[in-house]
Amino acid sequence: MQACASRAPAPAVFPSAAPGRLLFFALAGSDGFGRSVAQVLGVDVAAHEEREFEDGEHKIRPLVPVAGADVYVLHSLHGGPLASANDKLCRLLFFIAALKDAGAARVTAVVPYLCYARKDRRTKPSDPVTTRYVAALFEAVGADAVVTLEVHNETAFENAFRCRAVALTSAPVLIAQVRQLVGAEPLAVVSPDLGGAKRADLFREALERAIGRPVGKAFVEKHRSGGVVSGDLFAGNVRDATCIVVDDLVSTGGTLVRAAHAALHGGAGCVIACVAHGLFMEGASEALADPAIRRIITTDTVPPFRLPAGAVRDKLDVASAAPLFAEAIRRLHGNEPLTDLNVF
C-alpha cells in the first residue's frame, strides 16, 4: 500500500535519559490486558478514576502523583460491549492531556489495537485520511509516543505522526503458536492480497529463522470496489504444504476464507489463519466456520467477545501479546532500541 501522509515527520526520539519513575495505567475496558502487561513488567497498575455523567460526558484523572514520571497508558481502541472506539479514543486523549497538565515528564500511549488505522490513504476523491487525523489528536494533547501492534500499513502509520510512532510486529507471538501446530510437513505463508505481501514475507522470514528450514510463499489476487471483492489469480507453489494465511486483522472473515479456498485449490494440505487482531464482526462466526480453515490464531489485543460458542471458538487459539508489550515498555523506559525486539 502507498503511504499518504503529506508532511514530513520530525525526528522522533526520546531524551537521552529516561525521566523519573515508571508509572503504568490501564483504562476501563482494557484493564484485563493491562493487568497481564503489568504482571510481566513487574509493576502495579496505577490508580485512576473514570466517571460517567448523565448526558454521556465523562471525567478521567490519575489518583497518584505523576509529576516528573515516565507514564505509560494502555487502552485498546476497539469497539466493545460497553464503549465504542470513539468513546475509548476520547477517554485516552483526555487522560493523556490530564497527565501532562499534572506534570508528567513523558506520556506514552500504548494502544494494542489502534482504531482508524485502516483508513491511511485516499481511495476515492475527497476521501479522508483518518489515520493522520487521529495522529494529530494524539499530538494535540501532548503524547510523546504512540505504541501499537501490527498496523495496516507501517509506513503510513509512521508518516502520520510527528511524535514517536512504534508499530510492533505480531510475528513472534503468532509464530510461537504456529510451532505448536505444525510438524515436519512443508510450510508456506500466503498473503490474502497484494497489499499484505510485505507483511507476509516478513512473517515468512521470521518463521524460517524460528524453525530452521525453508518456507514457501504465495499470494492471492484481491480487488475491492463498492464492497465487491474480485480477482482469481493465485501465485505460488503450495502443493501438500500447510499454508499459513497472514493478515493484520479479521473482521467478517471473508478475506481469510477466500484465501484458504484458493490455497486448497492450489494443492495445499491444510490452512491455518494467523491474524494480529480478531475483531470478529457480524457474520464472522458463519464465514469462518468453513472447514477450509483448520485453525485460527490471533492475539488478545481484542477479546473474542463477539464469537459465540461453536465451530469458530473451537478452532480459535488466542496467544498473549502482553509479554511483547511489557518488553517494549521496559525498553522504552530505559531508552533501549526496539529494532531487535523478540521476547519469545
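A brief structural summary. (Residues numbered from 1 in each chain as written. Predicted model: local features only at pLDDT ≥ 70, side-chain atom pairs only at ≥ 80, totals over all residues. Heavy atoms only, no water.)

### Brief notes about the overall build of the chain
Move 1: Along the backbone of the chain there are 10 helices and 16 strands.
Move 2: What you see for the chain is a C-alpha radius of gyration of 20 Å, in line with the 20 Å of a compact globule of 344 residues.
Move 3: Projected onto its principal axes, the C-alpha positions of the chain cover 60 × 45 × 45 Å.
Move 4: Here the chain, with 344 residues, has 50% of them falling under the buried criterion.
Move 5: Once local pairs closer than 6 in sequence are excluded, the contacts in the chain between residues at least 24 apart make up 68%.
Move 6: Accessible surface for the chain amounts to roughly 15200 Å². Of this, 52% is attributable to carbon and sulfur atoms.
Move 7: Mean positive and mean negative side-chain charge positions of the chain (36 and 37 charges, respectively) differ by 3 Å. (Helix = DSSP H or I, 4+ residues; strand = E, 2+ residues; numbered from the N terminus. Rg over C-alpha atoms; globule rule 2.2 N^0.38 Å. Buried < 20%, exposed > 50% of the residue type's maximum accessible area, 1.4 Å probe, protein only. Contact = heavy atoms within 4.5 Å. Areas by Shrake-Rupley, 256 points an atom, 1.4 Å probe, with all protein chains shown as cover. Lys, Arg positive; Asp, Glu negative; His and termini not counted. Charge placed at Lys NZ, Arg CZ, Asp CG, Glu CD.)

### Focus on the nonpolar core
Move 1: If you look at the biggest cluster of nonpolar residues, it comprises 37 residues, and the most contacted ones within it are Phe 25, Val 71, Val 73, Leu 92, Leu 99, Phe 138 and Phe 161.
Move 2: Of all the elements in the fold, those that place two or more residues in this core are strand 1 (22–26), strand 4 (70–74), helix 2 (85–101), strand 5 (106–111), helix 3 (130–140), helix 4 (154–160) and strand 7 (164–168).
Move 3: Core analysis: the next-biggest nonpolar cluster, separate from the first, contains 28 residues, Val 257, Val 275, Ala 292 and Leu 316 among them. (Core = buried A, V, L, I, M, F, W, Y, C linked by side-chain atoms within 4.5 Å.)

### Here's the deal with the pairing of strand 14 (residues 270–278)
Move 1: The buried fraction of strand 14 is high, at 9 of 9 residues.
Move 2: Bridge analysis of strand 13 (residues 242–250) against strand 14 gives 8 bridges, and the strand direction is parallel. Directly across from Thr 242, in strand 14, lies its bridge partner Cys 270.
Move 3: Sheet topology note: the strand 14/strand 15 (residues 295–299) ladder contains 3 bridges and is parallel. For Cys 274, the partnering residue across the bridge sits in strand 15 and is Ile 297. (Pairing = 2+ DSSP bridges.)

### Focus: the packing of aromatic side chains
Move 1: Inspection of every chain in the model, using the stated rule, returns 4 aromatic pairs.
Move 2: An aromatic cluster is present here, built from Phe 138, Phe 157 and Phe 161 joined pairwise through their rings. (Phe/Tyr/Trp six-rings, centres within 6.5 Å; stacked < 30°, edge-to-face > 60°.)

Keep in mind these numbers describe shape, not what the thing actually does.
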